[in-house]
Every structure is written in structure tokens, then in C-alpha cells.
Amino acid sequence: MRLWGGRFGEDNDARVADFTRSVEIDAELALDDLRGSVAHVRGLGRAGLLTDDEVGRLVTGLEGLAGEVEAGTLEWDPALEDVHMNLESALAERIGPVAGKLHTGRSRNDQVATDIRLWLRRAIDRLDAAILEMERALVGLAERDGDAILPGTTHIQPAQPVLLAHHLLAYVEMLERDRGRLADARRRANVSPLGSGALAGAGYPIDREAVAAELEFDGVTANSLDAVSDRDFVVEALAAAAVGMVHLSRLAEEITWWSNPRFGFVRVADAFSTGSSMMPNKRNPDPAELVRGKTARVIGALTAVLVILKGLPLAYQRDLQEDKPPLFGAIAAWEGSLGVMAGLITTLAVDRERMRAAAGEGYTTATAVADALVRRGVPFRVAHHVVGSLVAQAEGEGIGLEAMPDAMIGGALAAVDDETARGLAAENGIGDQIRQAASIEGALETCDVIGGTAPRRVAEALAAARSRLSG
């Protein structure tokens, strides 16, 4: 018998029953549903709507069902539509007619809103732990191989040399922002809709705040209409997931390129690589590639829920049944991606020589040379022009800036219409100064500001990150 069937003279068409049921998806909420029901029952007892004996029998029955859910022994009946009706029916089978009092003062509308908030709160806590593990993996690699020198790029072209640790710590910063977004989303999600009923509020003197406190919510929702139809907290969680996955996808993209033999900067461990069914030579960074692919799914999940919500009037509409597949799928994809990327990074092998050789290509120290001239009083635009001409000459000669002869340097300085530059052209030892600035080490040392890639600044940032993660 359907728990809502009294109004109807015949059963649903089988196609409607199949189309509307959701238990295959929302069974994920079972433990949260049972926890919410226990708190609701105790609230009914405090309101005098249940006797102490009834409260005891209901709570015992609900806790028993929780044990069955955890053990995987509870059988779900698709004819009962959803997780809520399945659990209420199972409770009636175990404790008898008193189970019929469970739904007093409650609707599936405020019930499912509560369940999702409880589920999401647990999911966010797991995700926060997974993000921390990913940060630890990045910091661990930075501590192990972070003094390797990487060719920093803009427009995917050689730009300036940076320490590998500096590059890895950029992702740590992204992950910390992900944690902040999750914490913010958790705070707004952590209010209780229980007691809102279907849309107008419960018709009994239930102490909503006491029930909320038992469920470890920070408070209760202020408007019953909003409470049962609000899914902003789902959207915020999905937005955080989409941004977090984009961050992982960017790192995954770099890993796929760096592991290509043409780059050869890193080698992905066998445990995090796959082969080809046809080509015996292949070592594919498939986990990283799948992270990129799953990112699309998570972005799609955010879009799906926004589109579900955009045309819904108050209050609850059945469309909201469709919020759970994208939410559950996106959170699972993010959590799984964090785990596999942490493992990949932890086991990654770095080829320092290949990185350093690439860091010296493309005249990546040119900016440092221009900065050296500025420190000697040459206007930046003049220095930019001088170094540009030196790059062109060095490129023509097939040499690096660190190998430029004195005559080339002096000639470039003397050729511009600037008194300071022309004075430097005749200065004894200017060639050595410019060549030192053009070295990779000299270029790294130049960026000595908070957040820069100078070795001492990176060491400070790395120590701060490790301290935070250890704490």
C-alpha cells in the first residue's frame, strides 16, 4: 500500500511508477534520513505528541534499521518510490502500527531537505580531508624535488625560470581556496529545515531549535516556504566542486605534457599509468586524463542544477528530485579525483636535468637582465629595448644571453638614445654583470619579493605550508 494512497481510486500506471521512483538514487541518504527521524521523534516526544514508550520503540526501531543499512542487509522495494517510504514501511514491519506516528508534523519536503544537508555536511568534511591530503602530496614533492628549475611559461611560450616548488605551491594556494569555498558552503548548508512541513510549517508545537541542536545544525531556517524549496546549498557545493575540479584538471593537463618524452620533465609511476591494448610501447597517464574528463561532468552537474531551479515557483516541486544524481555524482568524482591525483603526485619522479635544460631555452632570463639595467638607472622601456636587441643578436649567433661577449653587450647599450645606458656601455665589468644577471640562478634570485620565486622566498612559503598542514 502506498503511504499516500488514500486520495486515489486506482494505482499509478506502471510507467508512472517507474518514471517517478528514486530509491535507486536516494538510498544514499538512508543513514541521514534515519538520523533525522530519530531527532524528529524525540522532538515529538518533547512536544507531548508521543509517549515515552512510543519514543523508545520508534528510536529503537530506527536505530535497528540504521544497523541494517550499514550492514547492507536492508532490501529496497522500488514500488515504494523513495528512501523515505522504504524506511517508514520497513519500520512498520519491525515495530508495528506505532510507526505510523513517525511522520507526524513532517513532510517528505522538509525531510529530504534535511537529509541532503546532513549528507552534504558529511561529504564536505570528507572532501576537506581529501584536499588536505592533496596539499600534503604537493608539499611533499616540493620538499623532495622543489629546487629543480622549471621553465615558467606564459602563452605556452618560455617566459621566466621558476623553482618547481614555486609552481607546486601555486596549486596549494588553489586548494586552500577550495577549502575556503567548501567551509563557506558548509556554514550556509548547516541549518535545519525540519519543522517546515510541506510548505507552511508544522501544525504542532515542535521545538525546532532543540531538534536542530540534536542534529548539530547551527540553527533553523527562517521561512518554511524557502526551507523546503531551497537548493542554494547544493548549487554552492557544486560550484565549489566545479572550481576544485578545474584546479585538478589544470594540474592534470600539465602532468600529461610533462610526462611526454619530448618534455621528459617527470615520469608517472607504473602504479598510476596504463598501457595500450595495441601499442606495446605506451605508458599513458590515464588517471590524469580522466580527471580532465570528469571535470566536464562536474561542471555539467552545476549547470544541470541551476537549470532545474531557474523556473521553479515556490514551494517544493517534483523537479527537485533531480538534484541528487548530479550532486552525488559530482562529489564522488571530486573526491575520487583528489585521491588519485594525490597518489600520482606522491609517486611522481622528476628529471631535474631535463627541466633545467628546458628552463634555459627561449631566453627566459631576459627579464632579469632588463631588471639589472634598471637597477643601474636605465629606464625600463630603454632596458627592455636593449635586452630585446641582445636577444635577437644572441638568437642569430646561436648563443645564450649568459654567453654574450662584451662587445655585443656594449654595442647594444651604446646604440640607444639614453645617457645612462651609453655610460654603462663603456663601464669596465659591465659584461660580467649582465652575464651574471642572465644566468638562471641570477634570474631566480632577482624575484625576491613575497610570493616570488627567489629560493629564500620559496623556502619560507614551503615552510609555512608545511607548518599549516602539520597543524
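Our structure is the block above this text.
I will try to describe carefully the structure that is included in this document. All of these numbers come straight from a predicted model, not from anything done at the bench.

1. Looking at the nonpolar core
Item 1. Judged by nonpolar contacts, the single largest core of 78 residues is most densely connected at Met134, Leu138, Leu327, Trp334, Leu338 and Ile345.
Item 2. In terms of residues, this core owes the most to one element, helix H6 (residues 108–145), which gives 16 residues.
Item 3. Counting 30 residues, the second-largest nonpolar core is a separate cluster that includes Leu65, Val69, Val211 and Ala212.

2. Looking at helix H14 (residues 366–375)
Helical geometry note: an α-helix holds 3.6 residues per turn, so side chains three or four residues apart project in the same direction.
Item 1. Of all the residues in H14, the buried ones are Ala366, Ala368, Val369, Ala370, Ala372 and Leu373.
Item 2. Residues of H14 that are buried make contact with helix H15 (380–397), helix H16 (406–414), helix H17 (419–425), helix H18 (430–437) and helix H19 (440–446).
Item 3. Following H14 by one or two positions, Gly377 adopts a phi angle in the positive range, close to 100°.

3. Quick word on a nonpolar patch on the surface
Item 1. A cluster of nonpolar residues, Leu199, Leu225 and Leu314, forms a patch on the protein surface that exposes about 260 Å² of accessible area.
Item 2. The exposed category is assigned to Leu314, whose relative accessible area is 60%.

4. Here's the deal with the pattern of salt bridges
Item 1. For the coordinates displayed, the defined rule picks out 40 salt bridges.
Item 2. In this structure, Glu81 engages Arg318 in a salt bridge whose closest nitrogen and oxygen atoms are separated by 3.8 Å. Of this pair, Glu81 sits in the loop between helix H4 (52–71) and helix H5 (83–95) while Arg318 sits in the loop between helix H11 (286–310) and helix H12 (324–346), and the two are 237 residues apart along the sequence.
Item 3. With a closest N to O distance of 3.2 Å, Glu335 and Arg126 form a salt bridge. Separated by 209 residues along the polypeptide, Glu335 in helix H12 and Arg126 in helix H6 bring together distant segments of the chain.

Conventions used here
- Residues numbered from 1 in each chain as written.
- Predicted model: local features only at pLDDT ≥ 70, side-chain atom pairs only at ≥ 80, totals over all residues.
- Heavy atoms only, no water.
- Core = buried A, V, L, I, M, F, W, Y, C linked by side-chain atoms within 4.5 Å.
- Buried < 20%, exposed > 50% of the residue type's maximum accessible area, 1.4 Å probe, protein only.
- Helix = DSSP H or I, 4+ residues; strand = E, 2+ residues; numbered from the N terminus.
- Contact = heavy atoms within 4.5 Å.
- Patch = residues over 30% accessible without salt bridge, like charges linked within 9 Å, V, L, I, M, F, W, Y side chains within 5 Å.
- Areas by Shrake-Rupley, 256 points an atom, 1.4 Å probe, with all protein chains shown as cover.
- Salt bridge = Lys/Arg side-chain N within 4 Å of Asp/Glu carboxyl O.

The values are spatial; any link to function lies outside them.
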